[in-house]
Amino acid sequence: MMRLEGKVAIVTGGGGGIGAAVARRLTAEGASVVIADLFEESAERAAAPLGDSALAVQFDAADPESVKAMIDRCMTHFGRIDILHNNAAMTDPVKSPQDTTAPDIPIGIWREILDINLTGYLLGCKYAIPHMIAGGGGSIINTASNSGSAGDLARIAYGSTKAAIMGLTRYVATQHGRQNIRCNSIAPGVVLTEALEKTVPGLKDIIKRHILTPEFGTPDDIAALVAFLASDESRYITGENISISGGGLVHQPHYADLLAFMESDG
Ligand SMILES: NC(=O)c1ccc[n+]([C@@H]2O[C@H](COP(=O)([O-])OP(=O)(O)OC[C@H]3O[C@@H](n4cnc5c(N)ncnc54)[C@H](O)[C@@H]3O)[C@@H](O)[C@H]2O)c1
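So, how was this worked out
- Throughout, residues of each chain are indexed from 1 in the direction in which the sequence is written.
- Only residues with pLDDT of 70 or above have their local features reported here, since the model is predicted, and side-chain atom pairs are shown and tallied only from 80 upward, although totals for entire chains, interfaces and linings are computed over all residues.
- Based on all heavy atoms of the structure, the side-chain values leave hydrogens and waters out of the count.
- Helical segments are the DSSP runs of H or I of at least four residues, strand segments are the runs of E of at least two, and each set is numbered from the N terminus.
- The size measure is the radius of gyration over C-alpha atoms, and the globule rule it meets is 2.2 Å times the number of residues to the 0.38 power.
- In what follows, residue pairs with any heavy atoms lying within 4.5 Å of each other are defined as contacts.
- Here the aromatic set is Phe, Tyr and Trp, taking the six-membered ring for Trp, and pairing holds for ring centres within 6.5 Å; pairs whose planes are under 30 degrees apart are stacked, those over 60 apart are edge-to-face, and all others are tilted.
- Comment: the charge-over-ring label is applied if NZ (Lys) or CZ (Arg) is within 6 Å of the ring centre and within 35 degrees of the ring normal.
- A 1.4 Å probe that fits into a set of points on a 1 Å grid over the protein atoms alone but cannot get out defines a cavity; an open set with protein on both sides within 12 Å along at least five of seven lines defines a pocket, and lining residues are those with an atom within 4 Å of a point.
- Grid points are joined across faces, edges and corners, and a volume is the space filled by probe spheres set on the points.
- When residues are sorted by character, Ala, Val, Leu, Ile, Met, Phe, Trp, Tyr, Cys and Pro go into the nonpolar class, Asp, Glu, Lys and Arg into the charged class, and all the rest, Gly among them, into the polar class.
- Nearness of a residue to a molecule or strand requires only that one of the residue's heavy atoms be within 4 Å of it.
- We define a polar contact as two N or O atoms separated by no more than 3.5 Å, with the added condition that, inside protein, one atom must be a possible hydrogen donor and the other a possible acceptor, whereas residues neighbouring each other in sequence contribute only through side-chain atom pairs.
- To measure how exposed things are, a 1.4 Å probe is used in the Shrake-Rupley method; for residues, cover is taken only from the protein chains shown.
- Expected span of a helix, by definition, is 1.5 Å for each gap between consecutive residues, and there is one gap fewer than residues.
- Here the bend at a residue means the angle between the axes of two seven-residue stretches, the one that ends at it and the one that starts at it.
- Remark: nonpolar core denotes a set of buried residues (Ala, Val, Leu, Ile, Met, Phe, Trp, Tyr, Cys) joined through side-chain atoms within 4.5 Å.
- When accessible area is computed with a 1.4 Å probe and restricted to protein chains, residues below 20% of their type maximum are described as buried, those above 50% as exposed, and intermediate ones as partly exposed.
- The rule for a salt bridge is simple: a side-chain nitrogen of Lys or Arg has to be within 4 Å of a carboxyl oxygen of Asp or Glu.

**A look at the overall build of the protein**
Phase 1: Check the secondary structure of the protein and you find 9 helices and 7 strands.
Phase 2: In summary, the protein has a C-alpha radius of gyration of 18 Å against a globular reference of 18 Å for 266 residues, a match within 12%.
Phase 3: Seen along its three principal axes, the alpha-carbon backbone of the protein occupies a region of about 65 × 45 × 35 Å.
Phase 4: Of all intrachain contacts in the protein linking residues separated by at least 6 positions in sequence, the fraction that spans at least 24 positions is 70%.

Right, here's the structure in full:
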């Protein structure tokens, strides 16, 4: 499929698992892609196999000047912006574990996570939308998470940003629909990235009892959804949040216990 021939995309957090897979998929479908990441080396590693179709750009999603410079770089290099995949999220191995509960989270960590995960997405929209309008329209895809739809025992800041991203998505869709700009969010459940494989293996076993598909999804599964939302095939879908999580949130809370009970009963 070459649904994105001639289109230009930006993928933030493109040096990592899901973003790198999205960049591969979008270029495979004919797009040129800016792979934007906090870590230049990761962005370059993701861009290298894609040749002239990809440009690695270092930027910090929390810094308005840096986001603007990254968007300007896309315009200078590729001349337009049709697709924005806001996908970066705080991944700092020291700071992320401090994202705990309301009484315990340091307020500085709360603010930093909001800056990267939420304000960073607003900034991407702020600076990309005028170029999309000038170019006749566009498609924005924001990576939320199932953590934005249900509470959890840790990561209060992360989950709150992911819920807010769904709201941001509806506002951008509402305010710019008539300018031919669509905006949707995607909400992955557990996705097997390299980073995730390294963290808390026990958690994967617990969560697996609650998904309906036999296996967890991969970054390529997410990339397929992003490519669809980026393409004109989804032209009548805007303002939506699409969960991509093996049905992790669609069933009754007692699902896993009942299944185990039925299986043990023979
Ligand atoms: N993997 C999962 O199971 C899962 C589940 C739900 C949602 N998500 C979401 O998917 C998105 C991608 O996550 P992933 O699993 O590929 O993780 P990842 O760590 O591989 O990717 C995140 C990327 O964001 C970059 N980043 C971090 N801070 C940044 C900053 N300040 N400015 C610019 N870039 C920055 C990182 O360098 C990294 O490349 C995130 O928004 C994450 O919340 C992932």
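**Points about the packing of aromatic side chains**
Phase 1: Applying the stated criterion to the full structure yields 0 aromatic pairs.
Phase 2: The ring of Tyr158 is capped by Arg155, whose NZ or CZ atom sits 3.9 Å from the centre of that ring.

**Here we look at the layout of surface pockets**
Phase 1: One number sums up the size of the second largest pocket: a volume of about 290 Å³.
Phase 2: Lining of the second largest pocket is provided by 17 residues; of these, Gly137, Gly138, Asn180, Arg182 and Asp232 occupy positions nearest its centre.
Phase 3: Among the residues making up the lining of the second largest pocket, the classes are represented as 3 nonpolar, 8 polar and 6 charged.

**A short note on unusual backbone geometry**
Excluding glycine, residues mostly have negative phi values, and the peptide bonds linking residues are mostly trans.
Phase 1: The phi dihedral of Arg155 falls on the positive side, at around 65 degrees, and the residue is not glycine.
Phase 2: Counting through the fold element by element, Arg155 comes out in the loop between β5 (138–143) and α5 (156–176).
Phase 3: Phi at Asn180 is positive, roughly 65 degrees, even though this residue is not glycine.
Phase 4: Note on placement: Asn180 falls in the loop between α5 and β6 (181–188).

**Thoughts on the site of the ligand**
Phase 1: Around the ligand, 28 residues are found, and the nearest of them are Ile18, Asp37, Asn87, Tyr158 and Val191.
Phase 2: The separation between an oxygen atom of the ligand and a polar main-chain atom of Gly17 is 2.9 Å.
Phase 3: A distance of 3.2 Å is found between a nitrogen atom of the ligand and a backbone nitrogen or oxygen belonging to Leu38.
Phase 4: In isolation the ligand has 820 Å² of accessible area, and contact with the protein removes 90% of it.
Phase 5: Looking at the shell around the ligand, the elements that each hand over two or more residues are α1 (17–28), α4 (107–135) and α5.
Phase 6: Looking at the shell around the ligand residue by residue, the classes come out as 15 nonpolar, 10 polar and 3 charged.

**A closer look at α4**
Phase 1: Helix length check: α4 (29 residues) gives 40 Å between terminal C-alpha atoms against 42 Å at 1.5 Å per residue, within 8%.
Phase 2: The principal kink in α4, of about 40 degrees, is found at Thr119.
Phase 3: Phi turns positive, to about 100 degrees, at Gly136, one or two residues after α4.

**Description of the nonpolar core**
Phase 1: Counting residues in each nonpolar core, the largest one holds 38 residues, and the members touching the most others are Ile10, Val34, Met70, Ile71 and Ile140.
Phase 2: Elements that contribute at least two residues to this core include exactly β1 (8–12), β2 (32–37), β3 (54–58), α3 (64–78), α4, α5 and β6.
Phase 3: No other element matches the 10 residues that α4 contributes to this core.
Phase 4: Apart from residues lying up to four places away in sequence, Ile71 is in contact with Ile10, Ile81, Gly124, Tyr127, Ala128 and His131.
Phase 5: In this structure, Ala23, Ala47, Ile141 and Ala230 belong to the second largest nonpolar core, which totals 29 residues.

**Topic: the side chain of Asn184**
Phase 1: On the secondary structure map, Asn184 appears in strand β6.
Phase 2: Polar contacts involving the side chain of Asn184 include one to the main-chain carbonyl oxygen of Ile237, which spans 3.0 Å.
Phase 3: Of note is the side chain of Asn184, whose polar atom sits 3.0 Å from the backbone nitrogen of Glu240.
Phase 4: Other than its neighbours up to four places away in sequence, Asn184 contacts Ile140, Ile141, Asn142, Thr169, Leu229, Ile237, Thr238, Gly239 and Glu240.

**As for the pattern of salt bridges**
A side chain with one charge can pair with a side chain of the opposite charge if their charged atoms come near.
Phase 1: Going through the model one piece at a time under the given rule, you end up with 10 salt bridges.
Phase 2: The salt bridge involving Asp220 is made with Arg24; its shortest N-O contact spans 3.5 Å. Of this pair, Asp220 sits in helix α8 (residues 219–230) while Arg24 sits in helix α1, and the two are 196 residues apart along the sequence.
Phase 3: Across the pair Arg25 and Glu29 runs a salt bridge, and its minimum N-O distance is 2.9 Å.
Phase 4: The class of Arg25 is partly exposed, set by a relative accessible area of 25%.

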